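Reading the structure
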Amino acid sequence: MIDNIRRIADEQLASAINTIDDSELKMATKVHQIRKHCKKIRGLIRLVRAVLGKTYDAENSWYRD
């Protein structure tokens with residue numbers, strides 16, 4: 001289960017990095033897209049909060065801030 005969570009989070013992070021590198025997008029669009037990826041990661045970790053235990057608080061704070 002943890003491997004699948006990592007895989008999905010890695011996919012979202014890779015998409016966010018690709019968004020940063022996309023020279024055709026305006027800065028406002030980049031920021032919006034990256035924020036959406038972070039929200040997806042937060043939603044993912046929220047779903048598996050019981051499995052993550054104490055790690056949840058740190059990860060949630062990281063992607064929120």
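Relevant structure appears above.
Remember, it's a predicted structure, so these values are computed and weren't measured experimentally.

Definitions and limits used
- Residues numbered from 1 in each chain as written.
- Predicted model: local features only at pLDDT ≥ 70, side-chain atom pairs only at ≥ 80, totals over all residues.
- Heavy atoms only, no water.
- 1 Å grid on protein atoms, 1.4 Å probe; cavity = no way out; pocket = protein on both sides within 12 Å on 5 of 7 lines; lining within 4 Å.
- Points joined across faces, edges and corners; volume = space filled by probe spheres on them.
- Helix = DSSP H or I, 4+ residues; strand = E, 2+ residues; numbered from the N terminus.
- Nonpolar A, V, L, I, M, F, W, Y, C, P; charged D, E, K, R; others polar.
- Phe/Tyr/Trp six-rings, centres within 6.5 Å; stacked < 30°, edge-to-face > 60°.
- Lys NZ or Arg CZ within 6 Å of the ring centre and 35° of its normal.
- Axes fitted to C-alpha atoms, helices over the stretch in contact; angles between N-to-C directions.
- Parallel < 35°, antiparallel > 145°, perpendicular 65-115°, else oblique.
- Contact = heavy atoms within 4.5 Å.

1. Observations regarding the layout of surface pockets
Any space left empty among the atoms is revealed by the rolling of a water-sized probe across them. Its boundaries defined by the atoms lining it, the largest pocket holds a volume of some 230 Å³. I2, I5, R6, A9, D10, I41, I45, L52, T55, E59 and Y63 are the residues that line the largest pocket. Of all elements in the fold, only α1 (2-21), α2 (27-47) and α4 (55-64) reach the threshold of two or more residues within the lining of the largest pocket. In terms of residues, the lining of the largest pocket owes the most to one element, α1, which gives five residues. Split into classes, the residues belonging to the lining of the largest pocket amount to seven nonpolar, one polar and three charged.

2. Description of the packing of aromatic side chains
How two aromatic rings sit relative to each other is given by the distance of their centres and the angle of their planes. Under the defined criterion, the tally for this structure stands at zero aromatic pairs. The residue whose ring lies beneath R49 is Y56, and the NZ or CZ to ring-centre distance is 4.9 Å.

3. Remarks on the packing of α1 against α2
The N-to-C vectors of α1 and α2 enclose an angle of 175 degrees; their axes lie 9 Å apart at closest approach. Put simply, α1 runs roughly antiparallel to α2. Where α1 approaches α2, its residues I5, I8, A9, Q12, L13, S15, A16, T19 and I20 are matched on the opposing element by K30, Q33, I34, H37, K40, I41 and L44. In terms of residue class, the contact of α1 with α2 is built from nine nonpolar, five polar and two charged.

Take it as geometry only, folks, not as evidence of what the structure does.
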